Amino acid sequence: MTAKLKVDNVSKDFTGRNGKLQALRDIRLDINEGEFLCIVGPSGCGKTTLLNIIAGLENVYKGRVVHNGEFINSTGPDRLVIFQELGLFPWLSVVKNVEFGLKMKKVPQPRRRETALKYLDMVNLLKFKDAHIHELSGGMKQRVALARAFAMDPEVLLMDEPFTALDAQTRDMLHDELQKIWQETGKTIIFVTHNVREAVCLGDKVIVMSSQPGMIKTEFRIDLPRPRHIEDGGVMDMVRPILKELSFEIKKSFEEEYDAKKDN
Amino acid sequence: MRKKIIKQVVFYLCLFGLWQLIVAMKIWPEYVFPSPIQVFGTIITGFSNSTFIVAIGISLKRIAIGYGISILIGGFLGIMMSKFKTVDETLGSLVLGLQTLPSICWLPLALLWFGLNERAIIFVVIMGALFSITTATDSGIKHVSPIYIKAGRNMGARRYTLFLEVIIPAAMPSIISGLKQGWSFAWRSLMAGELLFVNLGLGYLLTVGRELNDMSQVLAVMIIIALISILVDKIVFGKIEANIKRKWGLSAKY
Ligand SMILES: Nc1ncnc2c1ncn2[C@@H]1O[C@H](COP(=O)(O)OP(=O)(O)OP(=O)(O)O)[C@@H](O)[C@H]1O
Ligand SMILES: [Mg+2]
């Protein structure tokens, strides 16, 4: 099987106040069609930067990203990000938010509404179609963001710590929902999280990154039957080695920051 | 809500009662301090012989033209300032400086440029609202949260669609508050202009009242001017703001 999405030797520098900072170094990823890839890593290791590059929101970097055989250097409706801050539009109703991308694709109106309602139904929010965004709870907003992304029928979905701010129950529910939708639609998903259990629960593969500079450290295959739940014994067994790896990286990045402070 | 209305009705009845009482004590002669009934009578006659209607019509027409032009020019300048750094650094500083100038100060200049005619007074009205609208549009656009722009681009919005479907709606709360402030400046400049430059309109009726020593007409016209301000401010802008609050929730910034 050839990779659908290929991240080839990508490096990214930022020039900030403290001079040059290498956010990513020589990132290589091969992601197959329909694969669910999870990325964990210490804060600041470049996860968001990597998603932005794949999405085409960040254009200045070294290396190449190839999707369906074409180089990526701009945003495209085939690759959608669900941002941590979601970025739902408060001036639009829930259903109009979900319709937005379709409108940009010039899908004509009766079909646009139909599609939006179908996906709102999928995340169980049909009742709230005319609500405004500020009237929704955090979990409901997450689901609108899911519906908005899936309604555009992208090939690749890039999710940046989407469930971090939620309570455990809501998160479990959304894990079930996301796995269900993923299995139904066969999308390729890259999912960034801080939570190793979440990563093991959702991913076919879990990648641990290290920071300063951001690099891929280890890759774990998760061959557990689906649907999985976060408390499953198998999930717990897989979590331990990954968590050990990640804790090591987090500790390292803390110490580096501490040393950097001492030097200043 | 009901209670509030009752309180207000009682308050105004008391106010008019007090007014009538002072008049009844005959401290000042009636032509200096007319009774509320007299003023009310003047309003009725003013409307029935249509002098007030004509004056209101003329003032509203002036403000509609002046304010409308302000919105067009102010919106355009605001957009330019938010998009081009050079425009911001040059024109922006000028706008900031001119904003502090009360717009009636433009009247002598307007009279020299345009002569004693409609165009001079409309110019003053334009200057009244222009800078509020420019600044609010500019800062509204500049302060649009980057996440909305990222999300818009992510979903395929490009230059014009991004601007029309994301940036402008996201900046709307700020733009509306600028429009509201602009309206009240424009209305004040119009009244000042009509008072000084005397050619029809509500401000002109005030001057006429003074010249005829007709205190009753002066008060009647003042009441009408205040009522028009309240109507536009509370009802027109009140509705628009309530609508934005309803959509945005508490995050709408004013
Ligand atoms: N626009 C920018 N300018 C300068 N430096 C930046 C910029 N964006 C990110 N960085 C730096 O690049 C590094 C990676 O940032 P990034 O946001 O990708 O981290 P992350 O892995 O997503 O972290 P977190 O888990 O906390 O979200 C950080 O050190 C950050 O300070
Ligand atoms: Mg991040």
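Residues numbered from 1 in each chain as written. Chains lettered and ligands numbered in written order. Predicted model: local features only at pLDDT ≥ 70, side-chain atom pairs only at ≥ 80, totals over all residues. Heavy atoms only, no water.

(A) Quick peek at the domain arrangement of chain A. Residues and elements named next belong to chain A. The domains assigned to chain A are domain 1 (5–78 + 156–263) and domain 2 (88–153). With centres defined by C-alpha atoms, the gap from domain 1 to domain 2 works out at 26 Å. Between domain 1 and domain 2, the residue contacts involve 16 residues of the former and 13 residues of the latter. Both sides of the domain 1 and domain 2 interface together cover about 1200 Å² of buried area, and 73% of this is carbon and sulfur. Inspection of the domain 1/domain 2 interface yields one salt bridge. Across the pair Asp153 and Lys187 runs a salt bridge, and its minimum N-O distance is 2.4 Å. Seen at the junction of domain 1 and domain 2, the total is two residue pairs in polar contact (both at pLDDT 80 or more). Those elements that provide at least two residues to the side of domain 1 that touches domain 2 are β7 (156–160) and α5 (168–185). (Domains from an automatic or database assignment. Contact = heavy atoms within 4.5 Å. Buried area = accessible area lost by both parts, 1.4 Å probe. Salt bridge = Lys/Arg side-chain N within 4 Å of Asp/Glu carboxyl O. Polar contact = N/O pair within 3.5 Å; in protein donor to acceptor, adjacent residues only side chain to side chain. Helix = DSSP H or I, 4+ residues; strand = E, 2+ residues; numbered from the N terminus.)

(B) Representation of the pattern of salt bridges within the structure. Taken as a whole and assessed by the stated rule, the structure comprises 27 salt bridges over all chains. With its nearest N and O atoms 2.8 Å apart, the salt bridge here joins Lys217 of chain A to Glu249 of chain A. Residue Lys217 of chain A is found in strand β10 (residues 215–221), and its partner Glu249 of chain A is found in helix α7 (residues 233–263); the two are separated by 32 residues along the sequence. Linking Asp233 of chain B and Lys234 of chain B is a salt bridge whose minimum nitrogen-to-oxygen distance equals 4.0 Å. Residue classification places Asp233 of chain B among the buried residues on the basis of a relative accessible area of 19%. Overall, the relative accessible area of 57% leaves Lys234 of chain B in the exposed class. Through salt bridges that share partners, Lys217, Glu245, Glu249 and Lys252 of chain A make up one connected network. (Buried < 20%, exposed > 50% of the residue type's maximum accessible area, 1.4 Å probe, protein only.)

(C) The interface of chain A and chain B, seen in detail. Across the contact, 24 residues belong to chain A and 21 residues belong to chain B. Counting the surface lost from both chain A and chain B, the interface buries some 2100 Å², and carbon and sulfur atoms represent 63% of this. On inspection of chain A and its partner chain B, the count reaches one salt bridge. The closest approach of N and O atoms between Lys103 of chain A and Glu165 of chain B, which form a salt bridge, is 3.1 Å. Applying the counting criterion to the chain A and chain B interface returns six residue pairs in polar contact (both at pLDDT 80 or more). For the side of chain A that touches chain B, the secondary structure elements donating two or more residues are α1 (47–55), β6 (79–82) and α2 (94–104) of chain A. Among the elements that take part in the side of chain A that touches chain B, α2 of chain A stands out by supplying four residues, more than any other. Split by residue class, the side of chain A that touches chain B holds twelve nonpolar, eight polar and four charged. (Nonpolar A, V, L, I, M, F, W, Y, C, P; charged D, E, K, R; others polar.)

(D) Expanded view of a nonpolar patch on the surface. Residues and elements named next belong to chain B. A cluster of nonpolar side chains, contributed by Met25, Ile27, Trp28, Tyr31 and Val32, occupies part of the molecular surface with about 560 Å² of accessible area. Inspection of the secondary structure assignment puts Ile27 in the loop between α1 (2–24) and α2 (36–48). A relative accessible area of 49% places Ile27 in the partly exposed class. (Patch = residues over 30% accessible without salt bridge, like charges linked within 9 Å, V, L, I, M, F, W, Y side chains within 5 Å. Areas by Shrake-Rupley, 256 points an atom, 1.4 Å probe, with all protein chains shown as cover.)

(E) Structural view of the sheet that holds β10 of chain A. Residues and elements named next belong to chain A. The strand order β6-β7-β8-β3-β9-β10 describes an open sheet built from six strands, whose pairing is mixed. One side of each edge strand has no neighbouring strand; the edge strands of this open sheet are β6 and β10. Here the strands of the sheet are splayed against their neighbours by 20° on average, with no regard to which way each runs. Where strand β3 (residues 36–40) meets strand β9 (residues 205–210), four bridges bridge the pair, whose relative direction is parallel. By the bridge assignment for β9, Ile39 is matched with Ile207. Running over the sheet, α5 touches β3, β7 and β8 (188–192) and is turned about 155° from β8. (Pairing = 2+ DSSP bridges. Axes fitted to C-alpha atoms, helices over the stretch in contact; angles between N-to-C directions.)

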